[in-house]
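Each chain, letter by letter, is given below.
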Amino acid sequence: MHLDVCHLRDFYYRTGLGRAAQRAIREQVLRLWPEADAQTVIGFGFAVPLLRPYLAKARRVIALMPGQQGVMPWPADLPNVSVLSEEMWWPLETGMADKLVMMHGLETCENAPALLDEAARVLGPGGRALFIVPNRAGIWASSDQTPFGFGRPYSLGQLESHLAAHGFRSERHSVALFQPPSHRRFWLRSGPLCERVGQKVSKRYAGGVLLVEASRAVFGPRGTPAEAPKRSPLRILDGLPQTVLRLWPEADAQTVIGFGFAARRVIALMPGQQGVMPWPADLPNVSVLSEEMWWPLETGMADKLVMMHGLETCENAPALLDEAARVLGPGGRALFIVPNRAGIWASSDQTPFGFGRPYSLGQLESHLAAHGFRSERHSVALFQPPSHRRFWLRSGPLCERVGQKVSKRYAGGVLLVEASRAVFGPRGTPAEAPKRSPLRILDGLPQT
């Protein structure tokens, strides 16, 4: 879900809010990295607003922009240093970067592990990388009116663990964008004051973006090498029952598929990255360990498909949606349940809905439409706060009833979008293929 480079350019260079965001983030970058004399500085995503201070004294500055986003010439008054690049294959030598800045790259990437592995390859010994991502607890990630309202936001713990899994060691962090994401003149004028107060009051929670500086974690070899044992294939479908459970009144004699962690389904697929558990406990098992983008199901076999904790945490959402479209049969319906970007459940990592990529309704519907789904209707749930306190647990049903009457889109913690496969009929008038007359190729042969 990449933003177009023109949208990013217009925000940062042609709006007051974008210029204020650029200034606030750049101040924190310069506080962490005051100089880059005789060093190679690489930017990825849309990091050009932060690279200008290093143009004068750095040995080399290169601004990589992924193909899904597009590229623009930069800087305008100097020789161009921006390069259009593949997201996971950068045209750079191994270990050539002394400093690496990534902004609007990690949160919108469809394959974050491969991107981080490529960043680790390019970062040289002793080099530092600065990852700038939307803060899950901040208000900038809750609105899709700015570029920080797209993609996957992170809490500090989520980002640090994600970096550690790909060879990075977190060194220090900072926060920026304490002013509200509003274009109103009052908030634009109050921006510097909000930043000063915010830096003194909170170093983690209130800011709109997180900045984490990391280095490559280099470990020496340990132990003795051992050959990995060969695994025999598991016959994962042998234990599936042949009968269809009647879970919904309107699902009689239909095949219902669940993906992610969707309970009470006839076949519950669980991705390998998540793991699998036997379910249900009191009936024959119907849960299946599956590859995320290759399901062990026939094409068009599903009448109903429920996806929860699958789309937002998937590393390759387009491939997952294409696989869901393949499995969903003609006339079938799919129900996608995702964290609501505007809800408070997506802002906290204390529940499973605080992980992965939240969506606004428009973002989810456009994402589905791009992969062959047509949205039919939607709903919202989880209006109670994500708290374990007894008062809120008892007030949950009341919160749900009031929330359903007051708000159908914004306040709920999760969005539920029902979609069908978009089938397009042939257009225009059918044309009959011209009939070819046979060639009399043997007429001239002698009769003898």
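Cut-off values and rules
Residues numbered from 1 in each chain as written. Predicted model: local features only at pLDDT ≥ 70, side-chain atom pairs only at ≥ 80, totals over all residues. Heavy atoms only, no water. Helix = DSSP H or I, 4+ residues; strand = E, 2+ residues; numbered from the N terminus. Buried < 20%, exposed > 50% of the residue type's maximum accessible area, 1.4 Å probe, protein only. Contact = heavy atoms within 4.5 Å. pLDDT = per-residue confidence, 0-100. Phe/Tyr/Trp six-rings, centres within 6.5 Å; stacked < 30°, edge-to-face > 60°. Salt bridge = Lys/Arg side-chain N within 4 Å of Asp/Glu carboxyl O. Expected span 1.5 Å × (residues − 1). Polar contact = N/O pair within 3.5 Å; in protein donor to acceptor, adjacent residues only side chain to side chain. Arc of directions from axis to C-beta. Pairing = 2+ DSSP bridges. Axes fitted to C-alpha atoms, helices over the stretch in contact; angles between N-to-C directions. Core = buried A, V, L, I, M, F, W, Y, C linked by side-chain atoms within 4.5 Å.

I'd like a description of the environment of proline 386, backed by residues and values.
Note that proline 386 resides in the loop between strand S13 (373-381) and helix H10 (390-394). Residue classification places proline 386 among the partly exposed positions, given a relative accessible area of 23%. With 32 residues separating them in the primary sequence, proline 386 and glycine 354 have C-alpha atoms 10.0 Å apart. With residues near it in sequence (within four places) discarded, proline 386 still touches Ile344, Trp345 and Thr351.

Explain the confidence of the model for the protein chain to me, using residue names and the numbers behind them.
Across the protein chain, the average pLDDT comes to 84, with 82% of residues at 70 or higher. Between residues 231-249, whose pLDDT stays under 50, and residues either more than four places distant or in other chains, the model counts 22 contacts.

An account of the packing of aromatic side chains is requested, with residue identities and associated values reported.
Two numbers describe a pair of aromatic rings. These are the distance of the centres and the angle of the planes. According to the stated counting rule, one finds nine aromatic pairs in the structure shown. Considering the side-chain rings of phenylalanine 336 and phenylalanine 373, the 5.3 Å spacing of their centres and the 80° angle between planes classify their relative orientation as edge-to-face. Of this pair, phenylalanine 336 sits in strand S12 (residues 328-339) while phenylalanine 373 sits in strand S13, placing them 37 residues apart in sequence. Using a relative accessible area of 3% as the deciding quantity, one classes phenylalanine 373 as buried. With a centroid separation of 6.2 Å and an interplanar angle of 80°, the aromatic rings of tryptophan 345 and phenylalanine 353 are classed as edge-to-face.

Tell me about the environment of leucine 84, and please be specific about residues and values.
Of note, leucine 84 is situated in strand S3 (residues 82-85). Take leucine 84: its relative accessible area is 52%, and that puts it in the exposed class. Sequence separation of leucine 84 and alanine 63 is 21 residues, and the distance between their C-alpha atoms is 8.6 Å. In contact with leucine 84, other than residues within four places in its own chain, are Met65, Pro66, Gly67, Gly70 and Val71.

Describe the pattern of salt bridges, and please don't skip the residues or the numbers.
Under the defined criterion, the tally for this structure stands at 14 salt bridges. Between aspartate 10 and arginine 14 there is a salt bridge whose closest N-O contact spans 3.2 Å. Pair noted here: aspartate 10 and arginine 14 are both in helix H1 (residues 5-14), with a separation of four residues, about one helical turn. Accessibility expressed as a relative area gives 56% for arginine 14, which makes it exposed.

Lay out helix H2 (residues 16-32) in plain terms, naming residues and giving numbers.
Spanning 17 residues, H2 covers 25 Å between terminal C-alpha atoms, matching the ideal 24 Å at 1.5 Å per step. If you check which residues of H2 are buried, you get Leu17, Gly18, Ala20, Ala21, Gln22, Ala24, Ile25, Gln28, Val29 and Leu32.

For the side chain of histidine 104, give the residues involved together with the corresponding values.
Positionally, histidine 104 belongs in the loop between strand S4 (97-103) and helix H4 (112-122). There is a polar contact of 3.3 Å between the side chain of histidine 104 and the side chain of glutamate 107. If sequence neighbours within four positions are ignored, histidine 104 has contacts with Leu8, Tyr12, Gly45, Phe46, Gln69, Ile132, Pro147 and Phe148.

Any chance you could break down helix H7 (residues 191-201) for me, citing the residues and the numbers?
All of the buried residues in H7 are Gly191, Cys194, Glu195, Gly198 and Gln199. Looking down the long axis of H7, one finds its buried residues gathered within 125° of arc, a one-sided arrangement. Of the exposed residues in H7, those oriented more than 90 degrees away from the buried face are Arg196, Lys200 and Val201. Where H7 is buried, its residues touch H2, strand S6 (168-176) and helix H6 (185-189).

Account for unusual backbone geometry, with residues named and values stated.
The phi torsion of most residues other than glycine is negative, and most of the peptide bonds are trans. Across the junction of tryptophan 74 and proline 75, the peptide omega takes the value -5°, indicating a cis bond. If you trace the backbone, proline 75 turns up in the loop between strand S2 (60-66) and S3. Cis geometry is adopted by the peptide bond preceding proline 280, which originates at tryptophan 279 and carries an omega value of -5°. Among the structural elements, proline 280 can be located in the loop between strand S9 (267-271) and strand S10 (287-290). Even without being a glycine, alanine 38 presents a positive backbone phi close to 55°.

Before we move on, could you go through the sheet that holds S4 and cite the residues and values that matter?
Strand order across the open sheet formed by seven strands is S3-S2-S1-S4-S5-S7-S6, with mixed pairing between neighbours. Edge positions in the sheet fall to S3 and S6, since each of these pairs with one other strand and no more. Each adjacent strand pair in this sheet contributes to an overall mean axis angle of 20°, direction not counted. Across four bridges, the pairing between S2 and S3 is parallel. What sits directly across from leucine 64, in S3, is valine 83.

Provide a residue-level description of the nonpolar core, including the pertinent values.
Residues Ile25 and Ile132 are the most contacted members of the largest nonpolar core, which totals 38 residues. In terms of residues, this core owes the most to one element, H2, which gives six residues. Counting residues in hydrophobic clusters, the runner-up holds 33 residues, among them Ile42, Leu100, Leu163 and Val212.

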